[in-house]
Amino acid sequence: MTVTPSPAPTDGPAAPCAPEDVRRVACVGAGVIGGGWAAHFLARGYDVTAWDPAPDAADRLRRLVAAAWPALEQLGLADGASQDRLTVTATLEEAVAEAQFVQESAPEKLELKRDLLARLDAATPAGTVIASSTSGYPMTDMQTEAAAPGRLVVGHPFNPPYLIPLVEVVGGDRTAPAAVEWASRFYAVAGKSVITMDREVPGFIANRLQEALWREALHMVANGEATVQEIDASITEGPGLRWAVMGPMLTFALAGGEGGMAHMLDHFGPSLKSPWTRLEAPELDRALYEAVVAGCEEAADGRSIADLVAERDRGVIDVLRATGRLPRSAEEAAR
Ligand SMILES: NC(=O)C1=CN([C@@H]2O[C@H](COP(=O)(O)OP(=O)(O)OC[C@H]3O[C@@H](n4cnc5c(N)ncnc54)[C@H](O)[C@@H]3O)[C@@H](O)[C@H]2O)C=CC1
Ligand SMILES: C[N+](C)(C)CC(=O)CC(=O)[O-]
């Protein structure tokens, strides 16, 4: 993981301020992820301006932030942090007019992202870094319409951005390396755990891995080999418990006993040639779609989405505490 210092982007005017001096962040697109980002930045004591074209966006955003707030109080709010520091604006231009950092979280549609990033670039103070939450589009493909593409980066979060620390940062062909460095430093200052990638990779790192798992899960549902509930339990009762502590590489190194990864590879490496994986994604036809949706409803067992969000948030906080990423008690926090 690389987190680098904070020079200004090199093309065009310098960034208006150092990452440490940012006070005002704009969140553009305020659904699940934009709302989660807004909650995170508010909890970290920033002023947040937000814009979303949906007619009910302001109410929806305020509800999302209010629902996240108990979890954020448990994590510990920054001095001065308040939901009152959120301003929802009537136009995109107002949202970004005084922004020192912009996080774009609009729908995952390439043409929409291209146009929106160009519009943001035209409206945002010169030099201010603009990050996209995209889950997979390379910035090279999204920055084509912007007049100053050098300040556009990907800042890929994980749901919910106010609880899951990781953000993957990467630029496109026309991004100034200094903008990538500035964004990485800013996210770190804002309390995120940052992986700065030095090249564009399909799916970044974590989604590339998640998609491999997801593809196999869909194959198993499509072929009736496992139910939705069995798939979820196979992770939450199995490897998922280890993955919160140690990633897949070190976890498997331990599978080699005293011999570590070298023995693990000698022992199990040849089995990678077995046809365990199906590599091609299955056809997401109506039958598979309905099987997955019905399976999730069965797994929810009457719990609403709000119930599940609260349950997830409690669980993630417990895991963060148990693994020492958060203080376990008030005494430990004071030390
Ligand atoms: N949902 C997830 O788990 C994750 C999503 N992402 C990425 O975050 C971005 C947003 O995804 P979600 O929040 O899940 O979607 P969402 O559908 O919950 O929210 C999208 C929001 O964008 C608004 N919107 C529509 N057109 C817009 C425009 N032209 N300009 C600005 N806002 C517009 C919509 O009204 C909606 O409120 C996508 O790029 C997605 O790939 C990244 C990580 C995780
Ligand atoms: C489902 N998703 C591909 C949009 C998920 C992500 O991009 C990251 C996450 O939250 O797991």
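What counts and how
- Residues numbered from 1 in each chain as written.
- Chains lettered and ligands numbered in written order.
- Predicted model: local features only at pLDDT ≥ 70, side-chain atom pairs only at ≥ 80, totals over all residues.
- Heavy atoms only, no water.
- Helix = DSSP H or I, 4+ residues; strand = E, 2+ residues; numbered from the N terminus.
- Buried < 20%, exposed > 50% of the residue type's maximum accessible area, 1.4 Å probe, protein only.
- Polar contact = N/O pair within 3.5 Å; in protein donor to acceptor, adjacent residues only side chain to side chain.
- Lys, Arg positive; Asp, Glu negative; His and termini not counted.
- Salt bridge = Lys/Arg side-chain N within 4 Å of Asp/Glu carboxyl O.
- Near = heavy atom within 4 Å.
- Areas by Shrake-Rupley, 256 points an atom, 1.4 Å probe, with all protein chains shown as cover.
- Nonpolar A, V, L, I, M, F, W, Y, C, P; charged D, E, K, R; others polar.

**Details of the environment of E20**
Step number 1: Mapped onto the secondary structure, E20 falls in the segment before β1 (24-28).
Step number 2: Residue classification places E20 among the partly exposed positions, given a relative accessible area of 34%.
Step number 3: Remark: the alpha-carbon pair of E20 and R185, spanning 165 residues in sequence, is separated by 8.3 Å.
Step number 4: Among the polar contacts listed, one links the side chain of E20 to the side chain of R185, at a separation of 2.9 Å.

**Concerning the side chain of E168**
Step number 1: Of note, E168 is situated in strand β7 (residues 166-171).
Step number 2: Buried and unpaired, E168 has R208 as its nearest opposite-charge partner, separated by 10 Å.
Step number 3: Separated by 3.1 Å, the side chain of E168 and the backbone nitrogen of I205 make a polar contact.

**Description of the site of ligand 1**
Step number 1: Taken together, 23 residues are adjacent to ligand 1, and I33, D52, E108, K113 and S135 come closest.
Step number 2: Here an oxygen atom of ligand 1 sits 2.6 Å away from a polar atom, N or O, in the side chain of E108.
Step number 3: One nitrogen or oxygen atom from the side chain of S135 is found 2.4 Å from an oxygen atom belonging to ligand 1.
Step number 4: When ligand 1 sits alone it has 830 Å² of accessible area, and the protein chains cover 74% of it.
Step number 5: No other element matches the three residues that helix α4 (residues 110-123) contributes to the shell around ligand 1.
Step number 6: Its residues assigned to classes, the shell around ligand 1 comprises 11 nonpolar, eight polar and four charged.

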